[in-house]
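# Descriptive structure summary
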Amino acid sequence: MYRRKVTGFVKSFFYRERSSVFLRKVPATLNIDFNLKHTSSRFLCIGSYDTKPDLIDKTQESCSFTYRTHTCGELRPSNKGEKVILCGWVQFIRLSKFLLLRDSYGLTQCTINDSNVSVTDIPLETIVKIYGTVVPRPENTSNPNMKTGEIEVSIENIEILNHVEKLPFNLREYQKPKEQLRLQHRYIDLRFPEMQYNLRQRSLMLHNMRRFLIERHNFCEVETPTLFCRTPGGAREFIVPTHHSGLFYSLVQSPQQFKQMLMSGGVDRYFQVARCYRDESTRPDRQPEFTQLDIELSFTTLDGILAMIENLLHDTFIKDLPKPPFHRMTYKEAIENYGSDKPNVTYDLRLKNISYLFNENHTVYAIPFSNKLGKLTAKYKEKVKELQKKYSVKVVLDEYLMKEFGNEVTSKIKNVIGVENAGILAVGEEENVCLCLGEIRQFLAPLLESKQLLHVDNTMKPLWVVDFPLFIKGENGLETCHHPFTAPHPDDVHLLDTDPENVRSLAYDLVLNGNEVGGGSIRIHNARLQEKILKILKIDSSKLSHFLDALRSGCPPHGGIALGIDRLVSIACNAESIRDVIAFPKSHDGKDPLSGAPNVISEDDRKYYHLK
């Protein structure tokens, strides 16, 4: 009988009130914090879980097409007296009188004032539907830390939609389990406020990037295949067996060949949010499968591509970026000053070339830093030893300068690096010396900052690194620095036959606070030049005959770039790892803790795919 009474109550107000949901305006009392630069005109960023911004669409709200009337982050004093339906997880119950309900948009306190309503036997994280009335909280009991802290919902009926069983961990920030357990039960971990925030910010940024490209600049979004043939000269790819004996697909490491062939096909302004795959070691900023915003453009130049990306990010990135143009730095400048091709310029800790102080035929660089830091601890000295071995250079710490070089040379060194500074020196081949000191710089910076001996600017500092070498030395000859489709710098084309190691490329990387977040190049559009580059790299051109034929068919000059969405979003959300901005990531060893993949296959599958 009570059920029929409730159903009638629901029908009487639900259809009456629900019809106005699409027309209901966002209450003026909402504490809205947003920047129109970062949103479409239809979207606002408001509080999620009462701690982070979230999205509400002003014309199609978060309750459309559902049987709830409001979200748990939506109600305000202006809703006083309204009959509402809320749905969500039971986060907390106190004194069998107060129930805290949570959904993806926030928290609402609900109170039990009816003896027919009981919550004593409801486990936390149970999914419920609550029917009730919005009332103001009693005087002096409002919660300023909650967006809905001035109201509560007086429960008239509560319906259990799904009774929870035992959970592997509690959803409490102070009880947060280790990452491996969270990844194993990712469907629960996703309920944490920061995960909700990160995924919604990712969605918002991609939405705005699409708007920028399609609505403002007439780009065409094109999906390209995931199953393809092996790309020679690139990263290691995943192999996919087929039921045809001895024949395999490869998962694409990027849509590189496809997007260039689209240029040949007249799709002159292409993009896609592309899934890419590389069979490489997993790191905090790298996954075996990842997402990139892939863009290609015909009849353009290096300056044209860079300007497009600067405007795209300035208009769509969640955090404030400086106005275009962004700073540019050559690869040579980056290596010589910062010891990295993705330099972090938020702090001024530069390398110094002091080779001229020595008479020997060696390259010597120093990294000066405040002598107030004192001697490095054993942990950091061990890191230095590892780097010394990795780069085959000799590293001399400040306390050993006198012993290694004598009074006269040490005095000259101190005059160059500053008498108030200590210095770490590296001796050996120039690039290895710089790269070694570059890694030392990376662990010195936070150490110096922690002792207030180095100022770090926490604003966003994007920069372009340009003029990369076209080739680098590899174990079996020359290798490509980016990929084999990168065009050589026009001023250096004449060196291809005589001095290929000194040929610069028309490649560019976008670096944001020490993180490479994008990379691209002007491409080779001439088949003869492409064949020449492949020959230098000792790549069999017959394996790329389809691609070379596309270039011969009248392919326009073109260039492009790929932005790493996972890295961009993790920087925007201050996440420790890209795993924190991916719904279902792989663990640090490249495995899926949720399903256990990769796993063994049956003997029947082995026979079908001709695997031994």
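Per UniProt, the chain carries the Sequence similarities (unreviewed entry) text "Belongs to the class-II aminoacyl-tRNA synthetase family. Type 1 subfamily."

### Topic: the nonpolar core
Of all hydrophobic cores here, the largest spans 61 residues; its most connected members are Ile-295 and Ile-309. Of all the elements, helix 6 (residues 302–316) adds the most residues to this core, at 7 residues. The contacts of Ile-295, once residues within four sequence positions are left out, are Leu-213, Phe-219, Lys-259, Tyr-270, Phe-271, Met-308, Ile-309, Leu-312, Gly-560 and Ile-561. Core analysis: the next-biggest nonpolar cluster, separate from the first, contains 40 residues, Ile-424, Ala-426, Phe-443 and Val-465 among them.

### Some points on helix 11 (residues 527–536)
Every buried residue of helix 11 is accounted for by Ala-527, Gln-530, Ile-533 and Leu-534. Along the axis of helix 11, the buried residues cluster in a sector spanning 120 degrees; they form a single face. Residues of helix 11 that are exposed and point more than 90 degrees away from the buried face comprise Arg-528 and Lys-535. Tucked into the core, helix 11 has its buried residues touching strand 20 (471–474) and helix 12 (545–552). Sitting at the head of helix 11, Asn-526 places a side-chain oxygen 2.9 Å from the backbone nitrogen of Arg-528.

### Thoughts on empty space enclosed by the protein
The tally for this structure, following the rule as stated, stands at 2 cavities of 30 Å³ or more. Size it by volume and the largest cavity reaches roughly 40 Å³. If you trace the largest cavity, you find it lined by Leu-313, Leu-321, Phe-326, Pro-462, Leu-510, Val-511, Leu-512, Val-517 and Leu-568. Of all the elements, strand 22 (residues 507–512) adds the most residues to the lining of the largest cavity, at 3 residues. Approximately 30 Å³ is the volume found for the second largest cavity. Leu-183, Arg-186, Phe-584, Pro-585, Asp-592 and Leu-594 together form the lining of the second largest cavity.

### Things to note about the pairing of strand 5 (residues 106–112)
Extensive coverage of strand 5 is indicated by the burial of 7 of its 7 residues. The alternating pattern of strand 5 places Gly-106, Thr-108, Cys-110 and Ile-112 on one face and Leu-107, Gln-109 and Thr-111 on the opposite face, and all of these are buried. Remark: 2 residues form the turn of the hairpin made by strand 4 (residues 98–103) and strand 5, two consecutive strands paired antiparallel. The pairing of strand 5 with strand 7 (residues 151–162) spans 3 bridges and is classified as parallel. Looking at strand 7, one finds that Cys-110 is bridged to Val-153.

### Here's the deal with the packing of helix 8 (residues 378–391) against helix 10 (residues 430–450)
Relative orientation of the contacting elements helix 8 and helix 10 amounts to 160 degrees, with a least axis distance of 9 Å. As the angle between them shows, helix 8 and helix 10 are arranged roughly antiparallel. Note that helix 8 runs across helix 10; the crossing there is right-handed. Seen from helix 8, the contacting residues are Tyr-380, Lys-383, Val-384, Leu-387, Gln-388, Lys-390 and Tyr-391; seen from helix 10, they are Asn-432, Leu-435, Cys-436, Glu-439, Ile-440, Phe-443 and Leu-447.

### Let's talk about the sheet that holds strand 6 (residues 127–136)
Within the closed barrel, the 5 strands sit side by side as 3-4-5-7-6. Their pairing is mixed. The sheet shows a mean angle of 55 degrees between the axes of neighbouring strands, direction not considered. Here strand 3 (residues 83–94) runs beside strand 4; their pairing, made up of 5 bridges, is antiparallel. Of the residues in strand 4, the one forming a bridge with Phe-92 is Leu-100.

### Details of the packing of helix 4 (residues 193–216) against helix 13 (residues 565–572)
Pairs of packed helices are described in terms of their axes, by the angle between the two and the distance that separates them. Interhelical geometry of helix 4 versus helix 13 gives an angle of 120 degrees and a closest axis separation of 10 Å. As the angle between them shows, helix 4 and helix 13 are arranged oblique. Helix 13 is crossed by helix 4, and the crossing has right-handed handedness. Of the residues in helix 13, those in contact with Asn-198, Arg-202, Met-205, Leu-206 and Met-209 of helix 4 are Ile-565, Asp-566, Leu-568 and Val-569. Across the contact of helix 4 with helix 13, the residue classes break down as 6 nonpolar, 1 polar and 2 charged.

Definitions and cut-offs
Residues numbered from 1 in each chain as written. Predicted model: local features only at pLDDT ≥ 70, side-chain atom pairs only at ≥ 80, totals over all residues. Heavy atoms only, no water. UniProt positions renumbered as here; feature names shortened; annotations may be inferred. Core = buried A, V, L, I, M, F, W, Y, C linked by side-chain atoms within 4.5 Å. Buried < 20%, exposed > 50% of the residue type's maximum accessible area, 1.4 Å probe, protein only. Helix = DSSP H or I, 4+ residues; strand = E, 2+ residues; numbered from the N terminus. Contact = heavy atoms within 4.5 Å. Arc of directions from axis to C-beta. Polar contact = N/O pair within 3.5 Å; in protein donor to acceptor, adjacent residues only side chain to side chain. 1 Å grid on protein atoms, 1.4 Å probe; cavity = no way out; pocket = protein on both sides within 12 Å on 5 of 7 lines; lining within 4 Å. Points joined across faces, edges and corners; volume = space filled by probe spheres on them. Pairing = 2+ DSSP bridges. Axes fitted to C-alpha atoms, helices over the stretch in contact; angles between N-to-C directions. Parallel < 35°, antiparallel > 145°, perpendicular 65-115°, else oblique. Left-handed = near helix turned anticlockwise from the far one by under 90°. Nonpolar A, V, L, I, M, F, W, Y, C, P; charged D, E, K, R; others polar.

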